[in-house]
Amino acid sequence: MNLIIENLPLLWIGLKATLSLALVTLLASSAIGVVLGSLATLKPKPLRVAVALYVETFRDIPLIVTIFTIFFGAPFVGVPLEPFPAVALGLSLWGGANASEIVRAGITSVPAGQTEAARALGLHTAKIYLLILWPQATRAVLPAYTGLLALLFQSTSLGALVGVTEFLKAGGLIIERSTVMLGVNPSFQIYGVVLAVYFVISSGLSLLSRWLERRLAKGGTRAVVAAPDAASL
Amino acid sequence: MEFDLAYLVRWLPALLRGLSLTVQASALAVLFSIVIGLVGASIRVAKVPVLSHIIAAYVELIRNTPILVQLFFIFFGLPTLGLTLSLFASGVLCLTLWAGAFQIENVRGGLAAIAPGLKEAARALGLTQAQYLRLVGLPLAIRVGLPSMLNTCVSVIKNSAYLSAIGIQELTGVAFDRIASDFRAFEMLAVLLVGYLSVVLSLSFAVRLLEHRLQAPFRR
């Protein structure tokens, strides 16, 4: 217990890195998701195939392989990356793939009559997306999106493997220090605390996701179920 | 840098050994996790006091924590309590616990999809809860839940790549060890890409085929 109190500043540094990594990747994933997910609902087939190819690739390759490839592969193509941006890029590409699926499902969940009515009123495609489809899709995807955030948050722990001092790495540093300086190995306690903190934050997000789903159901909106299962890691 | 086929051939035996470890760890984890899934879901559905709550907590814990932290907790944390497992056993244990939680949810979803009339009929025939699960519930639940159960199995293969983080020389571990010591990237990255994509895609395709087949009786 003392060990944890003494090391609170280090844990806090780690938690801050974890949270900012999650936030950055959420924003980047959203940008990718909105663009690609919308493109996938347009007519031209090559467009849909290209998006599907991107989505499948990043969902099927283990996330750890994607991140290692970016971090260790970047110097070989002449653009060495720092750990933080490398992890952020890898997580965003993976998150973007999942977000695209969510956005696509959200847009398809809007009844076709809405688009037809908008077209009959003379709106062009860009305006239909901006005024009709996106606003309604946003409601439907909120639960799935919160689920994605929980997964991104969990996946930031991969940063520990390439040298980002995020929460898991901070825990590892405390263990190393204590083992070397005090001769006691507190792995069980420290990793236990790390587990507990991840659990509290992530289950908070899961509860939020379920609550949003219930609320939307009450308002008559069918939530999109394309929530990325943790099993898609 | 050029793509050097001879280099790849030289390290092929090591890569195959890695792949074999990946397959072994995944296969064991899949097997054990399905057992956990069937037993756990039965306990949850039968509402066995205390046990049912412990299983619910276990599922929530696994779903809401990163698998990497679970792995570190098992591999570095448990030995300090005097519970020392081999490298491989730690890896399999981690994958099993992770997949087990998801399999419980998959089987439970299958059980929930069974028409209530069947359960009532089983009760009317005098079947006990255990008999109902064994003879009626689980066989049907497996049929309904099979696609999602198999998806979890595919995820086990993907997640086995995490085992390289504690130094298990499975496919990912072998490949990145070579990249680090030989300063060549393309060959090994190509192997990983092709390796995982082909395994995962072919399995996903098989799942889709199966899903189609299982739907057959309900199609018009």
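Residues numbered from 1 in each chain as written. Chains lettered and ligands numbered in written order. Predicted model: local features only at pLDDT ≥ 70, side-chain atom pairs only at ≥ 80, totals over all residues. Heavy atoms only, no water.

Let's talk about helix H3 (residues 45-60) of chain A
Move 1: If you check H3(A), its first and last C-alpha atoms are 22 Å apart, about what 16 residues at 1.5 Å a residue would give, namely 22 Å.
Move 2: All buried positions along H3(A) are accounted for by Val51(A), Tyr54(A), Val55(A), Phe58(A) and Asp60(A).
Move 3: Residues of H3(A) that are buried sit in contact with helix H2 (8-39), helix H4 (63-73) and helix H5 (83-108) of chain A together with helix H7 (129-159) and helix H9 (186-215) of chain B. (Helix = DSSP H or I, 4+ residues; strand = E, 2+ residues; numbered from the N terminus. Expected span 1.5 Å × (residues − 1). Buried < 20%, exposed > 50% of the residue type's maximum accessible area, 1.4 Å probe, protein only. Contact = heavy atoms within 4.5 Å.)

Things to note about the UniProt feature "transmembrane region" (unreviewed entry) in chain A
Residue and element names in this part refer to chain A.
Move 1: Mapped onto this numbering, the UniProt entry annotates "transmembrane region" (unreviewed entry) at residues 20-42, 63-81, 117-134, 146-168 and 188-208.
Move 2: As a span, residues 63-81 carries 58% helix and 0% strand, and end to end its C-alpha atoms are 18 Å apart.
Move 3: With 78% helix and 0% strand, the stretch residues 117-134 has end C-alpha atoms that lie 16 Å from each other. (UniProt positions renumbered as here; feature names shortened; annotations may be inferred.)

Structural notes on the interface of chain B and chain A
Interface extent is often summarised as the accessible area lost during association of the parts.
Move 1: The partner chain A presents 36 residues to the 40 residues of chain B that form the contact.
Move 2: Across the chain B/chain A interface, buried area totals approximately 3400 Å², and carbon plus sulfur atoms make up 76% of it.
Move 3: Broken down residue by residue, the surface that chain B buries against chain A is led by Asn64(B), Phe73(B) and Lys158(B), which jointly contribute 17%.
Move 4: Inspection of the chain B/chain A interface yields 1 salt bridge.
Move 5: Between Arg210(A) and Glu60(B) there is a salt bridge; the shortest N-O distance is 3.8 Å.
Move 6: For the side of chain B that touches chain A, the elements supplying multiple residues, two or more each, are helix H3 (51-63), helix H4 (67-77), helix H5 (87-112), H7, helix H8 (171-182) and H9 of chain B.
Move 7: The element contributing the most residues to the side of chain B that touches chain A is H9(B), with 8 residues.
Move 8: Tallied by class, residues from the side of chain B that touches chain A come to 27 nonpolar, 9 polar and 4 charged. (Buried area = accessible area lost by both parts, 1.4 Å probe. Salt bridge = Lys/Arg side-chain N within 4 Å of Asp/Glu carboxyl O. Nonpolar A, V, L, I, M, F, W, Y, C, P; charged D, E, K, R; others polar.)

A few points about a positive patch on the surface
Move 1: Together, Lys43(A), Lys45(A), Arg48(A) and Arg119(A) make up a positively charged patch on the protein surface.
Move 2: Here Arg119(A) lies in helix H6 (residues 112-120). (Patch = residues over 30% accessible without salt bridge, like charges linked within 9 Å, V, L, I, M, F, W, Y side chains within 5 Å. Areas by Shrake-Rupley, 256 points an atom, 1.4 Å probe, with all protein chains shown as cover. Lys, Arg positive; Asp, Glu negative; His and termini not counted. Charge placed at Lys NZ, Arg CZ, Asp CG, Glu CD.)

Structural notes on unusual backbone geometry
Move 1: In this model, Lys47(B) sits at a positive phi of 50°, which is unusual for a non-glycine residue.
Move 2: Overall, Lys47(B) belongs to the exposed group, its relative accessible area being 67%.

Things to note about the UniProt feature "transmembrane region" (unreviewed entry) in chain B
Residues and elements named next belong to chain B.
Move 1: As annotated by UniProt and renumbered to match this structure, "transmembrane region" (unreviewed entry) occupies residues 25-46, 67-98 and 188-210.
Move 2: End-to-end, the C-alpha atoms of residues 67-98 are 7 Å apart, and along that stretch the chain is 72% helix and 0% strand.
Move 3: Taken end to end, residues 188-210 is 100% helix and 0% strand, and its first and last C-alpha atoms sit 33 Å apart.

A few points about the packing of aromatic side chains
Move 1: A full pass over the atoms with the stated rule returns 14 aromatic pairs over all chains.
Move 2: When the ring of Tyr191(A) is compared with that of Phe76(B), the centres are 6.2 Å apart and the planes differ by 35°; the resulting orientation is tilted. Here Tyr191(A) is found in helix H10 (residues 187-218), whereas its partner Phe76(B) is found in helix H4 on a different chain.
Move 3: For Phe76(B), a relative accessible area of 32% translates into the label partly exposed.
Move 4: For the ring pair Phe72(B) and Phe76(B), a centre distance of 5.3 Å and an interplane angle of 80° mean the geometry is edge-to-face. Of this pair, Phe72(B) and Phe76(B) are both found in helix H4, 4 residues apart, which corresponds to roughly one turn of the helix.
Move 5: We classify Phe72(B) as buried; its relative accessible area is 9%.
Move 6: Members of the aromatic cluster, connected to one another through ring pairs, are Phe68(A), Phe71(A), Phe72(A) and Phe176(B).
Move 7: Above the plane of the ring of Trp11(B) lies Arg178(B), whose end atom (NZ or CZ) is 3.6 Å from the centre.
Move 8: Sitting over the face of the ring of Tyr7(B), Arg184(B) holds its NZ or CZ atom 5.2 Å from the ring centroid. (Phe/Tyr/Trp six-rings, centres within 6.5 Å; stacked < 30°, edge-to-face > 60°. Lys NZ or Arg CZ within 6 Å of the ring centre and 35° of its normal.)

Brief notes about the UniProt feature "domain: ABC transmembrane type-1" (unreviewed entry) in chain B
Move 1: Per the UniProt record, "domain: ABC transmembrane type-1" (unreviewed entry) is found at residues 19-207 of chain B.
Move 2: Measuring from the first to the last C-alpha atom of residues 19-207 of chain B gives 22 Å, for a span that is 80% helix and 0% strand.

Looking at a nonpolar patch on the surface
Move 1: Taken together, the side chains of Val77(A), Val79(A), Phe3(B), Leu5(B), Val9(B) and Phe186(B) define a hydrophobic patch exposed on the protein surface, amounting to about 570 Å² of accessible area.
Move 2: Relative to the helices and strands, Phe3(B) resides in the segment before helix H1 (5-10).

A few points about the side chain of Asn106(B)
Residue and element names in this part refer to chain B.
Move 1: Within the secondary structure, Asn-106 is located in helix H5.
Move 2: A distance of 3.3 Å separates a polar atom in the side chain of Asn-106 from the backbone oxygen of Ser-148.
Move 3: Leave out the neighbours within four places in its chain, and Asn-106 touches Gly-145, Ser-148, Met-149 and Thr-152. (Polar contact = N/O pair within 3.5 Å; in protein donor to acceptor, adjacent residues only side chain to side chain.)

Structural notes on the confidence of the model for chain A
Move 1: With 96% of its residues at a pLDDT of 70 or more, chain A shows a mean pLDDT of 91.
Move 2: Element-level mean pLDDT values for chain A span from 87 in helix H1 (residues 2-6) of chain A up to 96 in H2(A). (pLDDT = per-residue confidence, 0-100.)

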